[in-house]
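Each chain, written out:
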Amino acid sequence: TRGATEYALSAIPFGGYVKMKGMEQPVSGDETELEEDAFLGKRLGIRAIIVAAGPTTNLIWAVLVTIGILIFSGLPTLGEPIIGEVEEGLPAAVAGLEPGDRILAVGGTAVTSWEEVVDLAAGAEGPVLLSVARSGDSGGTVEVALDFTEDETTGAVDLGLTAYVPPVIGDVMSGGPADLAGLRPGDRFVSVGGLQVQTWSDVGNIIYDSLGVDLEVVWERDGEVMSATVVPEEGEEPVGTTDVRTVGMIGVMRTWETRKLGPGEAVITAIRLTGSNLRAIIGFFAGLLTGQVSGSLVGGPIKVVQIASESARWGATYFFSFMAYMSLNLFLINMLPLPILDGGHLLLMALEKIRKRGLSEKQLMVWQQVGLVFFASLMVFLLVRDAIGLG
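Residues numbered from 1 in each chain as written. Predicted model: local features only at pLDDT ≥ 70, side-chain atom pairs only at ≥ 80, totals over all residues. Heavy atoms only, no water.

Trainee: For this particular structure, what's the right way to read the packing of helix H6 (residues 263–290) against helix H8 (residues 316–334)?
Mentor: Two packed helices can be described by the angle between their axes and the distance between those axes. Across the interface, H6 lies against H8 with an axial gap of 10 Å and an inter-helix angle of 55°. Classified by the angle between their axes, H6 and H8 sit oblique to one another. Taken as a pair, H6 and H8 cross one another with a handedness that is right-handed. On H8, the residues touching Thr274, Asn277, Leu278, Ile281, Ile282 and Phe285 of H6 are Tyr325, Leu328, Asn329, Phe331, Leu332 and Ile333. Looking at the contact of H6 with H8 residue by residue, the classes come out as nine nonpolar, three polar and no charged. (Axes fitted to C-alpha atoms, helices over the stretch in contact; angles between N-to-C directions. Helix = DSSP H or I, 4+ residues; strand = E, 2+ residues; numbered from the N terminus. Parallel < 35°, antiparallel > 145°, perpendicular 65-115°, else oblique. Left-handed = near helix turned anticlockwise from the far one by under 90°. Contact = heavy atoms within 4.5 Å. Nonpolar A, V, L, I, M, F, W, Y, C, P; charged D, E, K, R; others polar.)

Trainee: In this structure, what is going on with the sheet that holds strand E10 (residues 195–196)? I would like to understand it.
Mentor: Working definition: the strands of a sheet are paired by backbone hydrogen bonds and lie parallel or antiparallel to each other. Pairing is antiparallel across the open sheet formed by four strands, whose spatial order is E10-E9-E11-E12. Each having just a single partner strand, E10 and strand E12 (224–230) make up the two edges of the open sheet. Where strand E9 (residues 188–192) meets E10, two bridges bridge the pair, whose relative direction is antiparallel. Bridge pairing in E10 links serine 191 to glutamine 196. Each of E9, E10 and strand E11 (215–221) is contacted by helix H5 (residues 200–208), which is oriented at about 45° to E9, the strand it contacts most. (Pairing = 2+ DSSP bridges.)

Trainee: Help me understand the environment of aspartate 158 in this model?
Mentor: For aspartate 158, the position within the fold is in the loop between strand E6 (141–146) and strand E7 (161–163). Classification of aspartate 158 by relative accessible area gives partly exposed; the value is 44%. Separated by 10 residues in sequence, aspartate 158 and phenylalanine 148 have C-alpha atoms that sit 6.7 Å apart. Not counting chain neighbours up to four residues away, the residues in contact with aspartate 158 comprise Leu90 and Pro91. (Buried < 20%, exposed > 50% of the residue type's maximum accessible area, 1.4 Å probe, protein only.)

Trainee: Looking at this structure, how should I read the side chain of serine 113?
Mentor: Considering the arrangement of structural elements, one finds serine 113 in the loop between strand E4 (109–110) and helix H3 (114–122). Not counting the four nearest positions on each side in its chain, serine 113 is found in contact with Gly79 and Pro81.

Trainee: Help me understand the sheet that holds strand E5 (residues 128–133) in this model?
Mentor: With respect to topology, four strands assemble into an open sheet ordered E4-E3-E5-E6, the strand pairing being antiparallel. Single-partner strands in this sheet number two, and they are E4 and E6. Both strand E3 (residues 102–106) and E4 contribute to a ladder of two bridges, which runs antiparallel. Considered in E4, the bridge of alanine 105 is made with alanine 110. Together, E3, E4 and E5 form the strand contacts of H3, whose direction differs from that of E3 by roughly 40°.

Trainee: Is there a simple way to explain a nonpolar patch on the surface in this structure?
Mentor: On the surface, a cluster of nonpolar side chains totalling about 500 Å² of accessible area is made up of Ile333, Leu336, Leu338, Phe374, Leu378 and Phe381. Ranked by residues supplied to the nonpolar patch, first place goes to helix H10 (residues 361–390) with three residues. Tracing the chain through its elements places phenylalanine 381 in helix H10. On the basis of relative accessible area, phenylalanine 381 is assigned to the partly exposed category, the value being 48%. (Patch = residues over 30% accessible without salt bridge, like charges linked within 9 Å, V, L, I, M, F, W, Y side chains within 5 Å. Areas by Shrake-Rupley, 256 points an atom, 1.4 Å probe, with all protein chains shown as cover. Salt bridge = Lys/Arg side-chain N within 4 Å of Asp/Glu carboxyl O.)

Spelled out as C-alpha coordinates, the structure:
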(Lines give C-alpha, C1' and ligand atoms only; values in the text may rest on other atoms or scores of the structure.)
Protein backbone atom coordinates (compact mmCIF):
# COMPACT_ATOMS: atom_id res chain seq x y z
CA THR A 1 0.00 0.00 0.00
CA ARG A 2 1.28 3.43 -0.99
CA GLY A 3 -0.71 6.41 0.23
CA ALA A 4 -4.40 5.62 -0.20
CA THR A 5 -3.77 3.10 -2.95
CA GLU A 6 -3.33 -0.65 -2.67
CA TYR A 7 -1.34 -2.39 -5.43
CA ALA A 8 -1.51 -6.12 -6.16
CA LEU A 9 0.15 -8.55 -8.57
CA SER A 10 -1.90 -11.64 -9.36
CA ALA A 11 -0.39 -15.13 -9.59
CA ILE A 12 -1.79 -15.41 -13.13
CA PRO A 13 -1.32 -11.90 -14.58
CA PHE A 14 -3.79 -12.12 -17.49
CA GLY A 15 -5.00 -8.56 -17.82
CA GLY A 16 -5.33 -5.90 -15.16
CA TYR A 17 -7.89 -3.59 -13.65
CA VAL A 18 -8.34 -0.60 -11.36
CA LYS A 19 -11.00 -0.57 -8.69
CA MET A 20 -11.74 2.83 -7.14
CA LYS A 21 -13.30 3.63 -3.84
CA GLY A 22 -17.05 3.74 -4.00
CA MET A 23 -17.56 2.17 -7.43
CA GLU A 24 -20.36 -0.12 -6.19
CA GLN A 25 -23.89 1.02 -5.55
CA PRO A 26 -24.26 1.64 -1.79
CA VAL A 27 -26.46 -0.68 0.24
CA SER A 28 -29.82 0.91 1.04
CA GLY A 29 -29.43 3.33 3.93
CA ASP A 30 -25.61 3.18 3.80
CA GLU A 31 -24.13 6.44 2.55
CA THR A 32 -20.50 5.68 3.51
CA GLU A 33 -19.57 4.95 -0.10
CA LEU A 34 -20.81 8.34 -1.29
CA GLU A 35 -18.16 10.39 0.48
CA GLU A 36 -16.63 13.24 -1.48
CA ASP A 37 -13.61 11.15 -2.53
CA ALA A 38 -15.73 8.15 -3.62
CA PHE A 39 -16.27 7.43 -7.31
CA LEU A 40 -20.08 7.49 -7.17
CA GLY A 41 -19.87 10.63 -5.08
CA LYS A 42 -18.50 12.54 -8.06
CA ARG A 43 -20.55 14.36 -10.68
CA LEU A 44 -21.50 12.33 -13.77
CA GLY A 45 -19.14 14.30 -16.03
CA ILE A 46 -16.18 13.74 -13.69
CA ARG A 47 -16.94 10.01 -13.55
CA ALA A 48 -17.03 9.84 -17.37
CA ILE A 49 -13.63 11.56 -17.60
CA ILE A 50 -12.18 9.14 -15.04
CA VAL A 51 -13.47 6.08 -16.93
CA ALA A 52 -12.33 7.39 -20.31
CA ALA A 53 -8.84 8.17 -18.96
CA GLY A 54 -7.66 4.56 -19.26
CA PRO A 55 -8.43 3.99 -22.95
CA THR A 56 -7.30 7.53 -23.75
CA THR A 57 -3.93 6.75 -22.19
CA ASN A 58 -3.62 3.76 -24.55
CA LEU A 59 -4.22 6.11 -27.48
CA ILE A 60 -1.73 8.71 -26.25
CA TRP A 61 0.88 6.01 -25.57
CA ALA A 62 0.56 4.72 -29.15
CA VAL A 63 1.15 8.23 -30.51
CA LEU A 64 4.16 8.81 -28.20
CA VAL A 65 5.77 5.50 -29.17
CA THR A 66 5.25 6.28 -32.86
CA ILE A 67 6.85 9.72 -32.40
CA GLY A 68 9.90 8.07 -30.82
CA ILE A 69 10.19 5.57 -33.69
CA LEU A 70 9.98 8.33 -36.31
CA ILE A 71 12.65 10.43 -34.59
CA PHE A 72 15.13 7.65 -33.84
CA SER A 73 14.49 5.12 -36.66
CA GLY A 74 12.95 7.33 -39.35
CA LEU A 75 9.96 7.05 -41.65
CA PRO A 76 10.19 4.16 -44.15
CA THR A 77 9.69 5.28 -47.75
CA LEU A 78 8.95 3.33 -50.93
CA GLY A 79 11.94 4.80 -52.74
CA GLU A 80 12.20 6.12 -56.28
CA PRO A 81 9.29 5.96 -58.76
CA ILE A 82 10.69 2.94 -60.60
CA ILE A 83 8.29 0.19 -61.65
CA GLY A 84 9.17 -3.18 -60.13
CA GLU A 85 6.32 -5.40 -61.30
CA VAL A 86 3.46 -5.14 -63.75
CA GLU A 87 0.41 -7.34 -63.18
CA GLU A 88 -1.03 -8.95 -66.29
CA GLY A 89 -4.48 -7.87 -67.37
CA LEU A 90 -4.48 -4.60 -65.40
CA PRO A 91 -4.17 -1.07 -66.89
CA ALA A 92 -0.37 -0.77 -66.67
CA ALA A 93 0.20 -4.03 -68.55
CA VAL A 94 -2.43 -3.10 -71.16
CA ALA A 95 -0.56 0.20 -71.71
CA GLY A 96 2.68 -1.70 -72.30
CA LEU A 97 4.58 -0.55 -69.21
CA GLU A 98 7.43 -2.81 -68.05
CA PRO A 99 9.59 -3.39 -64.95
CA GLY A 100 12.40 -0.88 -64.80
CA ASP A 101 10.41 1.99 -66.35
CA ARG A 102 10.69 5.23 -64.36
CA ILE A 103 7.61 7.39 -63.77
CA LEU A 104 8.49 11.05 -64.33
CA ALA A 105 5.12 12.70 -63.75
CA VAL A 106 1.52 11.91 -62.81
CA GLY A 107 -1.18 14.13 -64.29
CA GLY A 108 1.48 16.64 -65.32
CA THR A 109 2.99 16.87 -61.83
CA ALA A 110 6.62 15.79 -61.57
CA VAL A 111 7.32 13.02 -59.04
CA THR A 112 10.51 11.93 -57.29
CA SER A 113 9.16 9.19 -55.01
CA TRP A 114 6.72 6.29 -55.22
CA GLU A 115 4.61 7.85 -52.43
CA GLU A 116 3.94 10.82 -54.71
CA VAL A 117 2.85 8.45 -57.48
CA VAL A 118 0.40 6.73 -55.11
CA ASP A 119 -1.03 10.00 -53.73
CA LEU A 120 -1.52 11.63 -57.15
CA ALA A 121 -3.01 8.48 -58.69
CA ALA A 122 -5.44 8.11 -55.79
CA GLY A 123 -6.61 11.69 -56.27
CA ALA A 124 -7.23 11.37 -60.01
CA GLU A 125 -10.87 11.78 -61.05
CA GLY A 126 -10.42 10.15 -64.45
CA PRO A 127 -7.77 8.13 -66.27
CA VAL A 128 -4.33 8.43 -64.60
CA LEU A 129 -1.94 10.23 -66.95
CA LEU A 130 1.68 9.09 -66.64
CA SER A 131 4.90 10.37 -68.19
CA VAL A 132 7.27 7.40 -68.24
CA ALA A 133 10.95 7.06 -69.15
CA ARG A 134 11.30 3.63 -70.77
CA SER A 135 14.03 1.26 -69.67
CA GLY A 136 16.02 -1.17 -71.80
CA ASP A 137 16.78 -0.83 -75.49
CA SER A 138 13.61 1.06 -76.41
CA GLY A 139 14.44 4.10 -74.26
CA GLY A 140 12.68 7.42 -74.77
CA THR A 141 9.69 8.87 -72.95
CA VAL A 142 6.05 7.90 -73.42
CA GLU A 143 2.75 9.34 -72.26
CA VAL A 144 0.10 6.82 -71.19
CA ALA A 145 -3.42 7.09 -69.78
CA LEU A 146 -4.40 4.30 -67.38
CA ASP A 147 -8.07 3.57 -66.73
CA PHE A 148 -8.91 2.24 -63.33
CA THR A 149 -11.76 0.96 -61.18
CA GLU A 150 -11.98 1.81 -57.49
CA ASP A 151 -12.41 -1.02 -55.01
CA GLU A 152 -15.97 -0.62 -53.67
CA THR A 153 -14.90 -1.65 -50.16
CA THR A 154 -11.62 0.22 -49.67
CA GLY A 155 -11.79 2.89 -52.36
CA ALA A 156 -8.27 1.88 -53.44
CA VAL A 157 -7.07 2.37 -57.01
CA ASP A 158 -5.22 -0.59 -58.55
CA LEU A 159 -3.29 0.20 -61.70
CA GLY A 160 -1.33 -3.06 -61.66
CA LEU A 161 1.97 -1.43 -60.68
CA THR A 162 4.30 -2.04 -57.74
CA ALA A 163 7.48 -0.20 -56.81
CA TYR A 164 10.88 -1.70 -57.54
CA VAL A 165 12.41 -3.26 -54.44
CA PRO A 166 15.98 -4.55 -54.86
CA PRO A 167 16.83 -8.04 -53.49
CA VAL A 168 18.76 -6.47 -50.61
CA ILE A 169 18.29 -7.52 -46.98
CA GLY A 170 17.21 -4.77 -44.59
CA ASP A 171 16.80 -6.78 -41.38
CA VAL A 172 17.52 -10.33 -40.21
CA MET A 173 15.52 -12.04 -37.44
CA SER A 174 17.74 -13.15 -34.58
CA GLY A 175 17.98 -16.95 -34.43
CA GLY A 176 16.17 -17.49 -37.74
CA PRO A 177 17.41 -19.67 -40.62
CA ALA A 178 18.99 -16.71 -42.43
CA ASP A 179 20.76 -15.52 -39.28
CA LEU A 180 22.14 -19.00 -38.57
CA ALA A 181 23.31 -19.25 -42.21
CA GLY A 182 25.33 -16.04 -41.86
CA LEU A 183 23.15 -13.60 -43.83
CA ARG A 184 23.35 -10.00 -42.63
CA PRO A 185 21.60 -6.67 -43.36
CA GLY A 186 22.92 -5.15 -46.57
CA ASP A 187 23.56 -8.49 -48.30
CA ARG A 188 22.22 -8.67 -51.86
CA PHE A 189 20.66 -11.93 -53.06
CA VAL A 190 22.07 -13.24 -56.33
CA SER A 191 20.11 -16.50 -56.56
CA VAL A 192 17.76 -18.58 -54.42
CA GLY A 193 17.23 -22.27 -55.02
CA GLY A 194 19.29 -22.07 -58.21
CA LEU A 195 17.12 -19.30 -59.71
CA GLN A 196 18.47 -15.82 -60.42
CA VAL A 197 16.59 -13.04 -58.60
CA GLN A 198 16.19 -9.42 -59.69
CA THR A 199 13.65 -8.09 -57.18
CA TRP A 200 12.60 -8.73 -53.60
CA SER A 201 9.40 -10.32 -54.88
CA ASP A 202 11.50 -12.90 -56.73
CA VAL A 203 13.19 -13.80 -53.44
CA GLY A 204 9.94 -13.98 -51.50
CA ASN A 205 8.04 -16.07 -54.04
CA ILE A 206 10.73 -18.76 -54.12
CA ILE A 207 11.08 -18.94 -50.33
CA TYR A 208 7.30 -18.91 -49.74
CA ASP A 209 6.90 -22.00 -51.95
CA SER A 210 9.80 -23.91 -50.36
CA LEU A 211 8.60 -24.69 -46.83
CA GLY A 212 10.86 -27.36 -45.31
CA VAL A 213 12.97 -27.66 -48.47
CA ASP A 214 16.77 -27.26 -48.57
CA LEU A 215 17.47 -24.04 -50.47
CA GLU A 216 20.86 -22.88 -51.64
CA VAL A 217 21.08 -19.10 -51.37
CA VAL A 218 23.84 -17.09 -52.99
CA TRP A 219 24.45 -13.49 -51.99
CA GLU A 220 26.94 -10.70 -52.46
CA ARG A 221 28.58 -8.75 -49.64
CA ASP A 222 31.15 -6.00 -50.32
CA GLY A 223 31.97 -7.52 -53.70
CA GLU A 224 32.41 -11.04 -52.28
CA VAL A 225 30.02 -13.81 -53.36
CA MET A 226 28.92 -16.13 -50.54
CA SER A 227 26.51 -19.07 -50.30
CA ALA A 228 24.79 -21.32 -47.76
CA THR A 229 21.90 -23.77 -47.46
CA VAL A 230 18.79 -22.74 -45.53
CA VAL A 231 15.54 -24.54 -44.73
CA PRO A 232 12.50 -22.21 -44.68
CA GLU A 233 10.42 -22.49 -41.53
CA GLU A 234 6.64 -22.27 -41.28
CA GLY A 235 5.23 -18.76 -41.22
CA GLU A 236 2.06 -16.85 -42.02
CA GLU A 237 1.63 -14.47 -44.94
CA PRO A 238 -1.43 -12.17 -45.20
CA VAL A 239 -3.74 -12.79 -48.15
CA GLY A 240 -5.05 -9.30 -48.73
CA THR A 241 -6.80 -8.17 -45.54
CA THR A 242 -9.10 -11.15 -45.14
CA ASP A 243 -7.02 -14.24 -44.46
CA VAL A 244 -3.55 -15.74 -44.05
CA ARG A 245 -1.71 -18.61 -45.70
CA THR A 246 1.08 -20.86 -44.43
CA VAL A 247 4.35 -20.25 -46.29
CA GLY A 248 8.07 -20.81 -45.91
CA MET A 249 10.16 -18.09 -44.25
CA ILE A 250 13.85 -17.70 -43.44
CA GLY A 251 13.70 -14.55 -41.31
CA VAL A 252 14.73 -11.73 -43.64
CA MET A 253 13.07 -8.38 -44.28
CA ARG A 254 13.37 -6.14 -47.32
CA THR A 255 15.47 -2.99 -47.18
CA TRP A 256 13.71 0.33 -46.71
CA GLU A 257 14.85 3.84 -47.44
CA THR A 258 14.13 5.89 -44.33
CA ARG A 259 13.83 9.60 -43.66
CA LYS A 260 14.59 10.94 -40.19
CA LEU A 261 11.99 13.42 -38.94
CA GLY A 262 12.36 16.37 -36.61
CA PRO A 263 10.15 16.58 -33.47
CA GLY A 264 7.48 18.80 -35.07
CA GLU A 265 7.12 16.74 -38.24
CA ALA A 266 7.30 13.52 -36.19
CA VAL A 267 4.30 14.61 -34.07
CA ILE A 268 2.17 15.46 -37.11
CA THR A 269 3.16 12.26 -38.94
CA ALA A 270 2.58 10.10 -35.82
CA ILE A 271 -0.95 11.47 -35.43
CA ARG A 272 -1.65 10.81 -39.12
CA LEU A 273 -0.26 7.26 -38.95
CA THR A 274 -2.18 6.55 -35.73
CA GLY A 275 -5.40 7.68 -37.39
CA SER A 276 -4.68 5.46 -40.38
CA ASN A 277 -4.01 2.46 -38.12
CA LEU A 278 -7.20 3.12 -36.16
CA ARG A 279 -9.22 3.10 -39.38
CA ALA A 280 -7.56 -0.15 -40.40
CA ILE A 281 -8.37 -1.81 -37.06
CA ILE A 282 -11.97 -0.60 -37.19
CA GLY A 283 -12.23 -1.96 -40.72
CA PHE A 284 -10.85 -5.27 -39.48
CA PHE A 285 -13.46 -5.52 -36.72
CA ALA A 286 -16.20 -4.56 -39.17
CA GLY A 287 -14.95 -7.27 -41.53
CA LEU A 288 -15.17 -9.84 -38.73
CA LEU A 289 -18.78 -8.90 -38.03
CA THR A 290 -19.76 -9.07 -41.71
CA GLY A 291 -17.81 -12.25 -42.42
CA GLN A 292 -15.43 -10.55 -44.87
CA VAL A 293 -12.46 -11.23 -42.59
CA SER A 294 -11.53 -14.72 -41.40
CA GLY A 295 -11.79 -15.42 -37.67
CA SER A 296 -8.43 -17.20 -37.95
CA LEU A 297 -6.79 -13.77 -37.89
CA VAL A 298 -7.94 -13.21 -34.29
CA GLY A 299 -5.53 -14.29 -31.56
CA GLY A 300 -5.66 -14.54 -27.78
CA PRO A 301 -3.08 -13.89 -25.03
CA ILE A 302 -0.77 -16.72 -26.11
CA LYS A 303 -0.76 -15.45 -29.70
CA VAL A 304 -0.05 -11.91 -28.54
CA VAL A 305 2.94 -13.07 -26.46
CA GLN A 306 4.15 -15.14 -29.41
CA ILE A 307 3.99 -12.18 -31.80
CA ALA A 308 5.58 -9.85 -29.25
CA SER A 309 8.46 -12.29 -28.80
CA GLU A 310 8.93 -12.59 -32.56
CA SER A 311 8.86 -8.81 -33.04
CA ALA A 312 11.59 -8.45 -30.39
CA ARG A 313 13.76 -10.85 -32.42
CA TRP A 314 13.51 -8.41 -35.33
CA GLY A 315 14.79 -5.54 -33.22
CA ALA A 316 13.65 -2.61 -31.08
CA THR A 317 11.86 -0.74 -33.89
CA TYR A 318 9.60 -3.70 -34.69
CA PHE A 319 8.94 -4.42 -31.00
CA PHE A 320 7.90 -0.85 -30.20
CA SER A 321 5.81 -0.69 -33.39
CA PHE A 322 3.95 -3.78 -32.19
CA MET A 323 3.47 -2.19 -28.76
CA ALA A 324 1.93 0.90 -30.37
CA TYR A 325 -0.38 -1.22 -32.52
CA MET A 326 -1.50 -3.32 -29.54
CA SER A 327 -2.14 -0.15 -27.54
CA LEU A 328 -4.49 1.04 -30.29
CA ASN A 329 -6.30 -2.31 -30.18
CA LEU A 330 -6.72 -1.96 -26.42
CA PHE A 331 -8.05 1.58 -26.85
CA LEU A 332 -10.72 0.47 -29.31
CA ILE A 333 -11.66 -2.72 -27.46
CA ASN A 334 -12.01 -0.90 -24.13
CA MET A 335 -14.22 1.74 -25.76
CA LEU A 336 -16.72 -0.86 -27.02
CA PRO A 337 -20.10 -0.30 -25.29
CA LEU A 338 -20.10 -3.76 -23.71
CA PRO A 339 -20.45 -4.81 -20.04
CA ILE A 340 -17.34 -4.53 -17.78
CA LEU A 341 -15.45 -2.56 -20.46
CA ASP A 342 -14.88 1.18 -20.08
CA GLY A 343 -17.16 1.76 -23.05
CA GLY A 344 -19.86 -0.16 -21.20
CA HIS A 345 -19.48 2.12 -18.17
CA LEU A 346 -19.71 5.18 -20.44
CA LEU A 347 -22.87 3.73 -22.01
CA LEU A 348 -24.46 3.36 -18.57
CA MET A 349 -23.50 6.94 -17.75
CA ALA A 350 -25.11 8.15 -20.96
CA LEU A 351 -28.30 6.27 -20.04
CA GLU A 352 -28.12 7.75 -16.53
CA LYS A 353 -27.89 11.21 -18.08
CA ILE A 354 -30.97 10.55 -20.24
CA ARG A 355 -33.04 8.72 -17.60
CA LYS A 356 -31.93 11.05 -14.77
CA ARG A 357 -31.10 7.98 -12.67
CA GLY A 358 -28.72 5.04 -12.79
CA LEU A 359 -29.48 1.33 -12.91
CA SER A 360 -30.72 -0.38 -9.79
CA GLU A 361 -28.33 -2.59 -7.87
CA LYS A 362 -30.01 -5.70 -9.33
CA GLN A 363 -29.88 -4.38 -12.91
CA LEU A 364 -26.23 -3.42 -12.53
CA MET A 365 -25.36 -6.87 -11.18
CA VAL A 366 -27.05 -8.58 -14.15
CA TRP A 367 -25.24 -6.26 -16.59
CA GLN A 368 -21.86 -7.04 -15.03
CA GLN A 369 -22.49 -10.78 -14.80
CA VAL A 370 -23.48 -10.98 -18.47
CA GLY A 371 -20.29 -9.18 -19.41
CA LEU A 372 -18.13 -11.31 -17.16
CA VAL A 373 -19.53 -14.58 -18.53
CA PHE A 374 -19.16 -13.39 -22.14
CA PHE A 375 -15.56 -12.23 -21.81
CA ALA A 376 -14.51 -15.20 -19.67
CA SER A 377 -15.93 -17.55 -22.31
CA LEU A 378 -14.20 -15.60 -25.09
CA MET A 379 -10.89 -15.73 -23.22
CA VAL A 380 -11.14 -19.49 -22.69
CA PHE A 381 -12.00 -20.01 -26.37
CA LEU A 382 -9.04 -17.93 -27.55
CA LEU A 383 -6.65 -19.59 -25.10
CA VAL A 384 -7.70 -23.06 -26.26
CA ARG A 385 -7.42 -22.10 -29.93
CA ASP A 386 -4.00 -20.50 -29.36
CA ALA A 387 -2.83 -23.63 -27.56
CA ILE A 388 -4.07 -25.85 -30.41
CA GLY A 389 -2.31 -23.60 -32.89
CA LEU A 390 0.97 -23.99 -30.99
CA GLY A 391 0.58 -27.76 -31.17
